[in-house]
Amino acid sequence: MTLGIFSLTCCEGCQFELLNFYDDFAHVLNFYDILNFSLAQEENLPGPFDVALVEGTPETREELKLLKGIRKQSKILVTLGTCAHLGGIQAQRNFKESEVKGKRKVLPVSKVVDIDYAITGCPINREEAYQTLVDIYHGREPYQINYPVCFECRHNQVKCLLKEGKPCLGSITRGGCNAICTTNGFVCLGCRGPVEQTNLYKIKEMLKKYLTDKEINQRLEIYGEFVDNIIKEGDRH
Amino acid sequence: MVKRLSLDNISKFYALVAAEYTVYSPSQKGGLVSLEPKKYFDRYSLFKFQTIMPPKKVLLENVYDLESNPKEQKLAFFGIHLCDVKAIATMDRIFAKDPFYRAKRDDSLIVATGCQPTESCFCHVFGANKHQGFDLFIQEEHDGMFTVFAKSAKGVELLQKSKGKILMSASYQPIGQNQNEIDLSELTDAVENRRLFEQHWQGIANNCFGCGACTAVCPLCFCFDTIDRTDPEGGNCHRSRTDDACFFANFSKISNHDFRPENVDRLYNWYHHKFVRGPKENGDFLCVGCGRCITACPANLNIIRILSAIDNVFDRATN
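Everything in this summary refers to the structure shown in the same document. (Residues numbered from 1 in each chain as written. Chains lettered and ligands numbered in written order. Predicted model: local features only at pLDDT ≥ 70, side-chain atom pairs only at ≥ 80, totals over all residues. Heavy atoms only, no water.)

Brief notes about the packing of aromatic side chains
All names here are of chain B. What counts here: A pair of aromatic rings is counted whenever rings of Phe, Tyr or Trp (Trp by its six-membered ring) have centres within 6.5 Å, and the orientation is called stacked for planes under 30 degrees apart, edge-to-face for over 60 and tilted otherwise. What counts as a helix is a DSSP run of H or I of at least four residues, what counts as a strand is a run of E of at least two, and both are numbered from the N terminus.
A complete count under the given rule lists 31 aromatic pairs over all chains for this structure. When the ring of Phe 41 is compared with that of Phe 78, the centres are 6.5 Å apart and the planes differ by 80°; the resulting orientation is edge-to-face. With a gap of 37 residues between them, Phe 41 in the loop between strand 3 (32–37) and helix 2 (56–59) and Phe 78 in strand 4 (residues 75–80) connect regions that are remote in the sequence. When the centroid spacing of 5.2 Å and the interplanar angle of 90° are considered together, the rings of Trp 270 and Tyr 271 count as edge-to-face.

Put into structure tokens, the structure is as follows:
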């Protein structure tokens, strides 16, 4: 099968993460021919692709055109990383009053074109990405984790950071990262997006003990569209 | 058989066990006490406070390939507490026919020790403070010596090899307990009548994240998911077993239908399994009162308060 890996506006960390352990990435190359990967190879083809991986958000007209072109050329489109999935750091602009007039809202890839699967995280978990690619090759629905970071954090035998008074978002954030931040004593910043059917009001209530309303909203902005209502509405009535 | 050992001899006894078994014991890791494989005795091996994860972490480990033959292992748990010992006894009944559990449990050795009650534990409610179910029990005496009780043939055999004075008679010190009380007589009926307390359950669910932290640390939570994983290296498919919990949206989803669509349904199901279905199926509550779920819950939910409140509401409703 053929594979294209594309980057829109972002730090390109997810692409580096794919290449980080080249031996593991080489196993994936047994199944795929990479036609387009401008970070790692010189000769790139415009398509068509069986699978396209896209990271980042479309910011300029050229990028929007490129993204729509990728969608037309590929059978399966998979987003890579938080920027493509939720908007990432640049999408926090949507929550602030713009200094520049007429500035477009930052849209994640899924708001511009239809996507098939999303590999989340900042950066992605490369094993999850390899697994997804191999599953797609075999025609299997990729397994997506849908439980919070807390579950993995407890399995790693560490104490709850939220209880210790640190503003941790692990209880509402999708796991799959093996709780790497919280296990090492750093609070979860929610890069993998909210888990399905979670209690966003409760986390706001819990964080009120440690942070001001403004700080809480800033922390929740990483979830993009999922928290639009919560930030505007304020408290549950 | 009962022997009196000095601290030095306990340490030698640990080495004796470690020569024969892979020993899991409370260990210090980054300022936290967790259950880890450890070769040498140290002051955390007979730690009075709970480890964050119960022995189920080892006994119910993820299985990568369910079609492979389970590997027989000789495991020993050194310095676990009586609540966890009772949980293992209940787990033995539930997983009696599971080859992967049996491969780990059949030849295992349990060395229990006394503990210090924390503010969140309530083991006496479920009778989990009784001295039973272990191979060996190490009791610290006031004079700094240790009394070691051997209950099983495996335990006696090991204890015979260690140096120490044989005691003709010795008695167990009662395990300390705190003020936490739950009335068990009506608990099953109270939890079973969900319709009477719909509002009560909804109130708890509004304060619950559904994160499953309580299920991860519970010594008697054993839900798992069976998924097919493809090995990226060779492209072979394996059927594997991973941890899961009834609190997750995907757990009750079958063919795109969700049997427990709301968090309140899933939360209720947890209590229903522990206090209604558990006793019916296994003859025992699926709770030993270790209080780990209280320590682990990020939303500060408290099982003691929830159960007591349900008892009270039930009393008012029925009388």
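Details of the side chain of Gln 90 of chain A
Residues and elements named next belong to chain A. Convention followed: Note on exposure labels: buried denotes an accessible area under 20% of the residue type's maximum, exposed denotes more than 50%, and partly exposed covers the range between, all computed with a 1.4 Å probe on protein chains only. Between N or O atoms, a polar contact is any pair within 3.5 Å; within protein, one atom must be a potential hydrogen donor and the other a potential acceptor, and residues adjacent in sequence are included only when both atoms are from side chains. The contact criterion used throughout is that any non-hydrogen atoms of two residues lie within 4.5 Å.
If you trace the backbone, Gln 90 turns up in the loop between helix 4 (81–86) and helix 5 (109–112). Look at Gln 90 and you get buried, because its relative accessible area is 18%. Here the side chain of Gln 90 touches Thr 9 through a polar contact of 3.0 Å, landing on its backbone oxygen. In contact with Gln 90, other than residues within four places in its own chain, are Thr 9, Cys 10, Thr 57, Glu 59, Cys 83 and Val 106.

Regarding the sheet that holds strand 4 (residues 74–80) of chain A
All names here are of chain A. Formally: When DSSP finds two or more bridges between a pair of strands, those strands are recorded as paired. Fitting a line to C-alpha atoms yields each axis, with helices limited to the stretch in contact; the angle taken between N-to-C directions then spans 0 to 180 degrees.
Spatial ordering of the open sheet is given by 2-1-3-4-5, a layout of five strands whose pairing is parallel. Strands at the two margins of the open sheet, each flanked by one partner only, are strand 2 (33–37) and strand 5 (117–119). Averaged over all neighbouring strand pairs, the angle between strand axes comes to 25°, with direction disregarded. Both strand 1 (residues 2–7) and strand 2 contribute to a ladder of four bridges, which runs parallel. What sits directly across from Leu 3, in strand 2, is Ile 34. Set on the sheet, helix 3 (residues 61–73) makes contact with strand 1, strand 3 (49–55) and strand 4; between it and strand 4 the angle comes to about 130°. The strands that helix 6 (residues 126–137) touches are strand 1, strand 3, strand 4 and strand 5; relative to strand 5, the one it contacts most, it runs at about 155°.

Concerning unusual backbone geometry
Residues and elements named next belong to chain A. Of the consecutive residues Cys 122 and Pro 123, the connecting peptide bond is found in the cis state with omega at -5°. Residue placement: Pro 123 occurs in the loop between strand 5 and helix 6. Backbone geometry places Ala 179, a non-glycine residue, at a positive phi of 50°. With respect to the helices and strands, the residue Ala 179 is situated in the loop between helix 7 (149–155) and helix 8 (180–183).

A few points about the sheet that holds strand 8 (residues 165–167) of chain B
Residue and element names in this part refer to chain B. Read from one edge to the other, the open sheet built from eight strands follows the order 3-2-4-5-6-7-1-8, with strand pairing classed as mixed. The sheet terminates laterally at strand 3 and strand 8, the two strands that pair on one side only. Strand-to-strand, the axes of this sheet are offset by a mean angle of 25°, without reference to chain direction. Note: strand 2 (residues 22–29) against strand 3, six bridges, orientation antiparallel. In the sheet register, Ser 27 faces strand 3, and the bridge partner there is Ser 34. Sheet strands touched by helix 3 (residues 82–94): strand 4, strand 5 (109–113) and strand 6 (136–140). Its angle to strand 5, the strand with the most contacts, is close to 150°. Sheet contacts for helix 5 (residues 153–161): strand 1 (2–5), strand 5, strand 6 and strand 7 (146–150); angle to strand 7, the most-contacted strand, approximately 140°.

Considerations on the packing of helix 2 (residues 22–29) of chain A against helix 6 of chain A
All names here are of chain A. Formally: Here the word oblique covers every angle except those under 35 degrees (roughly parallel), over 145 (roughly antiparallel) and from 65 to 115 (roughly perpendicular). Under the scheme applied, nonpolar residues are Ala, Val, Leu, Ile, Met, Phe, Trp, Tyr, Cys and Pro; charged residues are Asp, Glu, Lys and Arg; polar residues are all the others, including Gly.
Taken N-terminus to C-terminus, the directions of helix 2 and helix 6 make an angle of 10°; their axes are 10 Å apart at the nearest point. It follows from the interaxial angle that helix 2 and helix 6 lie roughly parallel. Contact with helix 2, carried on its side by Asp 24, Phe 25 and Val 28, involves Arg 126, Tyr 130 and Leu 133 of helix 6 and no other residues of that element. When the residues that make up the contact of helix 2 with helix 6 are grouped by side-chain class, the tally is four nonpolar, no polar and two charged.

A word on the interface of chain A and chain B
Threshold: By buried area we mean how much accessible surface two parts lose on assembly, using a 1.4 Å probe and totalling the loss over both. Salt bridge, as used here, is a side-chain nitrogen of Lys or Arg placed within 4 Å of a carboxyl oxygen of Asp or Glu.
On the side of chain B, 47 residues touch chain A, which itself brings 36 residues to the contact. Taking both sides of the interface into account, the surface hidden between chain A and chain B amounts to around 3,300 Å²; carbon and sulfur atoms contribute 55%. Taken together, the links from chain A to chain B amount to one salt bridge. Taking the shortest distance from any N to any O, the salt bridge between Lys 253 of chain B and Glu 196 of chain A comes out at 3.2 Å. Among the secondary structure elements, those contributing two or more residues to the side of chain A that touches chain B are helix 6, helix 7 and helix 9 (200–207) of chain A. Across the side of chain A that touches chain B, the residue classes break down as 13 nonpolar, 13 polar and 10 charged.

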